[in-house]
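The chain contents come next:
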Amino acid sequence: MLMAHPAVLRDLIAQYEALKVLGAGDSTPQARQRLADVSYTLCVATGTRDVDMALIAARHRLSGARPEDDSLLEPAGPAGPVSAI
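So, here is what we can say about the structure in this document. (Residues numbered from 1 in each chain as written. Predicted model: local features only at pLDDT ≥ 70, side-chain atom pairs only at ≥ 80, totals over all residues. Heavy atoms only, no water.)

## Some remarks on the nonpolar core
One finds Tyr16 and Leu42 to be the most contacted residues of the largest nonpolar core, which totals 16 residues. For this core, the secondary-structure elements that each account for two or more residues are helix H1 (6–21), helix H2 (29–46) and helix H3 (51–62). The biggest single contributor to this core is H2, with six residues. In this structure, Tyr16 is in contact with Leu35, Val38, Ser39, Leu42, Val51 and Leu55, ignoring residues within four places of it in sequence. (Core = buried A, V, L, I, M, F, W, Y, C linked by side-chain atoms within 4.5 Å. Buried < 20%, exposed > 50% of the residue type's maximum accessible area, 1.4 Å probe, protein only. Helix = DSSP H or I, 4+ residues; strand = E, 2+ residues; numbered from the N terminus. Contact = heavy atoms within 4.5 Å.)

## Observations concerning H2
If you check H2, its first and last C-alpha atoms are 26 Å apart, about what 18 residues at 1.5 Å a residue would give, namely 26 Å. Of the residues making up H2, those classed as buried are Ala31, Leu35, Val38, Ser39, Leu42, Cys43, Ala45 and Thr46. Structurally, H2 contributes buried residues whose contacts are with H1 and H3. At the C-terminal side of H2, Gly47 shows a positive phi close to 70 degrees. (Expected span 1.5 Å × (residues − 1).)

## Structural notes on the packing of H1 against H3
Viewed as axis vectors pointing N to C, H1 and H3 meet at an angle of 140 degrees, and their least axial separation amounts to 10 Å. Relative to H3, the element H1 lies oblique. Handedness of the H1/H3 crossing: left-handed. Here H1 contributes Pro6, Leu9, Arg10, Ile13, Tyr16 and Glu17 to the contact with H3, which in turn contributes Val51, Leu55, Ala58, Arg59, Arg61 and Leu62. For the contact of H1 with H3, the class distribution of residues is eight nonpolar, no polar and four charged. (Axes fitted to C-alpha atoms, helices over the stretch in contact; angles between N-to-C directions. Parallel < 35°, antiparallel > 145°, perpendicular 65-115°, else oblique. Left-handed = near helix turned anticlockwise from the far one by under 90°. Nonpolar A, V, L, I, M, F, W, Y, C, P; charged D, E, K, R; others polar.)

Put into structure tokens, the structure is as follows:
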């Protein structure tokens, strides 16, 4: 599968979030169409079929995590300062 460039993913996420904040889903036909277009493009760019999953996938790719990296699922280490020896 082709992978979208991180700059493209960041831009698509920013556009989607801006459209949602501005209420594009309940706005003019042009705004609703733009939201639908950005949602579709996010899905295509991430290989998903649902915009919520597309956002998760895009953010995961931007975090620098590798597909086989399960570090997001592991509990955090002990909180507190690390002592140098």
